[in-house]
Amino acid sequence: MKIASWNVNSVRARIEHLKRFLDRQSPDVLLMQELKAEVFPTETFQALGYNSVAVTQKAYNGVAILARTPIEVTCTTLPGDDQDSHARFLETRIAGLRIVNIYAPNGNPPASDKFLYKLAWMDRFYVELHHWLADGIPTLIGGDYNVIPEDIDCHKPASWARDALFQPEPRSRYRDWLALGYTDAFRSLHPGETGQFTYWDYFRLAFEHNRGIRIDHFLVSPSLAPRVRFCEIDRTPRSEQKPSDHTPILLELD
DNA sequence: ATGTCGCCTCATAGGCGA
């Protein structure tokens, strides 16, 4: 079972990129983030052989899941704050797995309300991760975590020192998630490997110089970790014309 | 501070979020 995750930075602007990616990689499941559209193009993906579910809002955020097999939606909001209306969370059951798609808050600038929202969101997410361990359902959470976990996950730590994605508080929370027993699938299969990024700024030829960061992740529950055969970053979509600033990460389960 | 995208609107330029 091949699962991909991609922050597309507008599903409308990236529809042809998406078609090329699906045709080339043919994933069984695709998690998408930053749809930036209230209406999701269900029919477009149906014509390509995919079921889909989406949680959307106007202009910002938005997450969707495509799958070749049926998708059962189990939750569309991150519990813990009734006032939170951001479209950032989608929990499903697909082929016996709990598959969760997240678009965690960016949180810039640090020391802002947006940064406090990011930290509170991460705390609420911890509670869900803890719950999920109890029922034994093999669980995979993919998406844009908006956290640079370690120094080797960016080209130059000094360049990100003042960015919300690299602050001690969110990085500490990410480590707390791993301490619960979840595995960062990419890092566990590529220990110590440098220069492996999923996002590059649009400006200053960041992609051409590989000045990027690794912020799109797959976390897997303990029962699923031994079944991860490979986890790779596909740089091709980022190299195309008019790309998203993120590129897909892919994972294969036995 | 800046760079570049994509979205939206008291819209064709500017603000917001990333």
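In what follows, the accompanying structure is described. (Residues numbered from 1 in each chain as written. Chains lettered and ligands numbered in written order. Predicted model: local features only at pLDDT ≥ 70, side-chain atom pairs only at ≥ 80, totals over all residues. Heavy atoms only, no water.)

## So, the pairing of strand 7 (residues 97–103)
Then step 1. Across the seven residues of strand 7, seven count as buried, placing the element largely inside the fold.
Then step 2. With burial as the criterion, each face of strand 7 is covered, one bearing Leu97, Ile99, Asn101 and Tyr103 and the other bearing Arg98, Val100 and Ile102.
Then step 3. As defined by bridge partners, strand 6 (residues 89–94) adjoins strand 7 across six bridges and the pair is classed as antiparallel. If you follow Phe89 over to strand 7, its bridge partner there is Ile102.
Then step 4. What sits between the antiparallel neighbours strand 6 and strand 7 is a turn of two residues, in which Ala95 has the positive phi angle 50 degrees.
Then step 5. By the bridge criterion, six bridges tie strand 7 to strand 8 (residues 139–144) in an arrangement that is parallel. Each residue of the ladder has a partner; that of Asn101, found in strand 8, is Gly142.
Then step 6. As for the winding sense of the linkage, the β-α-β connection from strand 7 through helix 3 (residues 113–134) to strand 8 is right-handed. (Buried < 20%, exposed > 50% of the residue type's maximum accessible area, 1.4 Å probe, protein only. Helix = DSSP H or I, 4+ residues; strand = E, 2+ residues; numbered from the N terminus. Pairing = 2+ DSSP bridges. Right-handed = clockwise from strand over helix to strand, strands pointing away.)

## Concerning the protein's contact with DNA strand B
Then step 1. Surveying the vicinity of DNA strand B reveals 17 residues, the closest of which are Ser10, Arg14, Phe203, Arg204 and Lys242.
Then step 2. Backbone atoms, meaning sugar and phosphate, form 74% of the atoms of DNA strand B found within 4 Å of the protein.
Then step 3. A distance of 3.4 Å separates a phosphate oxygen of DNA strand B from a polar side-chain atom of Lys58.
Then step 4. Here the residues of the surface near DNA strand B are counted per class, giving five nonpolar, three polar and nine charged. (Near = heavy atom within 4 Å. Polar contact = N/O pair within 3.5 Å; in protein donor to acceptor, adjacent residues only side chain to side chain. Nonpolar A, V, L, I, M, F, W, Y, C, P; charged D, E, K, R; others polar.)

## Brief notes about the state of the cysteines
Then step 1. Per the counting criterion, the structure on display carries zero disulfides.
Then step 2. This cysteine, Cys154, is not joined by any disulfide, and Cys231 carries the nearest cysteine sulfur, 19 Å off.
Then step 3. We classify Cys154 as buried; its relative accessible area is 5%. (Disulfide = S-S within 2.5 Å.)

## Structural notes on the layout of surface pockets
Then step 1. Space inside the largest pocket adds up to approximately 650 Å³.
Then step 2. Along the walls of the largest pocket sit 28 residues, with Asn106, Asn108, Asp163, Tyr199 and Asp201 positioned nearest its centre.
Then step 3. Contributing elements (two or more residues each) for the lining of the largest pocket: helix 3 and helix 4 (157–160).
Then step 4. Of the residues belonging to the lining of the largest pocket, the class tally is nine nonpolar, ten polar and nine charged. (1 Å grid on protein atoms, 1.4 Å probe; cavity = no way out; pocket = protein on both sides within 12 Å on 5 of 7 lines; lining within 4 Å. Points joined across faces, edges and corners; volume = space filled by probe spheres on them.)

## Some words on the packing of aromatic side chains
The geometry of an aromatic ring pair is captured by two quantities: the separation of the ring centres and the angle between the planes.
Then step 1. Per the counting criterion, the structure on display carries ten aromatic pairs.
Then step 2. With 5.4 Å between their ring centres and 20 degrees between their planes, Phe40 and Phe45 make a pair best called stacked. With respect to class, Phe40 is no different from Phe45; both count as buried.
Then step 3. Here Phe125 and Trp132 contribute two aromatic rings whose centre-to-centre distance is 6.1 Å and whose plane-to-plane angle is 80 degrees, an arrangement assigned as edge-to-face. Like Trp132, Phe125 is buried.
Then step 4. Each residue in the set Phe89, Trp121, Phe125, Trp132, Tyr145, Tyr174 and Trp177 is aromatic and connected to the rest through ring pairs, giving one cluster. (Phe/Tyr/Trp six-rings, centres within 6.5 Å; stacked < 30°, edge-to-face > 60°.)

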